[in-house]
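# Report on the structure
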Amino acid sequence: MAERKTPMGDMDDVDAVTRAVLTASRLLVAVSARSLAEVEERVTLPQFRMLVVLSTRGDTKLVTLADLLQVAPSTAMRMVDRLIAAGLAERRLNPANRRETQLGLTEEGRRTVEDVMARRRAEVAGIVARLAPARRAALVDALTAFSEAGGEPPAPTADETGPNPLGWADTVLV
């Protein structure tokens, strides 16, 4: 298969797109870090990932939570214990099986996730607002195609609410 020429020279288009995505991902990581800045004294990035999973999935068993986060159950338990001590998560009896304990967010935990995500949304919106309208439309098309290729469901609009306020099914990215 012949390589395509791009405005970046002899680089094939996969390399050009990969470079652009990696550059954009640095910006998105910086935005994510800044959105966590207000809570970083109370919550680490891995703990915030856990809060996001609990926010998107609701009450969850420890073994399921560990699997979603791709950590050992003992690691997940230590993270949960810290979140419980911080008042952000709690253990609950499973109403369907009273011998089983599930983990869930407290109201403070839910507010923490919502606040961080609101700060992130506002900063991203500020960056997008600096783009010309035609660039915005092209970015929507490109990012939608990229997300679909990666199997990522769309995030909600700013005014959408529902059972999953973050718009993700089983996503653990932060």
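None of these values were measured; they are calculated from a predicted model.

Next up on the list: unusual backbone geometry. Positive phi is not limited to glycine here, since Gln70 has a value of about 55°. Take Gln70: it is sitting in the loop between helix H3 (62-69) and helix H4 (73-85). Residue Gln70 is classed as exposed on the basis of its relative accessible area, which comes to 74%.

Before going further, it helps to spend a moment on the pairing of strand S1 (residues 89-94). Pairing between S1 and strand S2 (residues 97-105): six bridges, direction antiparallel. Note that in S2 the partner of Ala89 across the bridge is Leu105. Hairpin connection, S1 to S2: the antiparallel pair is bridged by two residues.

Here we come to a nonpolar patch on the surface. A cluster of nonpolar side chains, namely Leu28, Val124, Val128, Leu139, Leu143 and Phe146, defines an oily patch on the protein surface of about 470 Å² accessible area. At the level of elements, helix H5 (107-129) and helix H6 (133-149) are the ones that each hand at least two residues to the nonpolar patch. Top element by residues in the nonpolar patch is H6. It accounts for three residues. When you line up the elements, Val124 lands in helix H5.

Cut-offs applied
Here the residue numbering is sequential within each chain, running from 1 through the sequence in written order. Local features in this predicted model are restricted to residues of pLDDT 70 or higher, and side-chain atom pairs are both shown and tallied only at a pLDDT of 80 or more, whereas totals for entire chains, interfaces and linings draw on every residue. The basis for the side-chain values is all heavy atoms of the structure; hydrogens and waters are excluded. Note on conventions: DSSP H or I runs of at least 4 residues are helices, E runs of at least 2 residues are strands, and numbering of each starts at the N terminus. Think of it in three bands: with a 1.4 Å probe and only protein chains considered, a residue is buried below 20% of the maximum accessible area for its type, exposed above 50%, and partly exposed in between. At least two bridges found by DSSP between two strands are what make those strands a pair. Residues form patches when they are more than 30% accessible in relative terms and have no salt bridge. Like charges link within 9 Å. Nonpolar side chains (Val, Leu, Ile, Met, Phe, Trp, Tyr) link within 5 Å. Accessibility throughout is a Shrake-Rupley quantity obtained with a 1.4 Å probe, and a residue counts as covered only by protein chains that appear here. A side-chain nitrogen of Lys or Arg and a carboxyl oxygen of Asp or Glu constitute a salt bridge if their distance falls within 4 Å.

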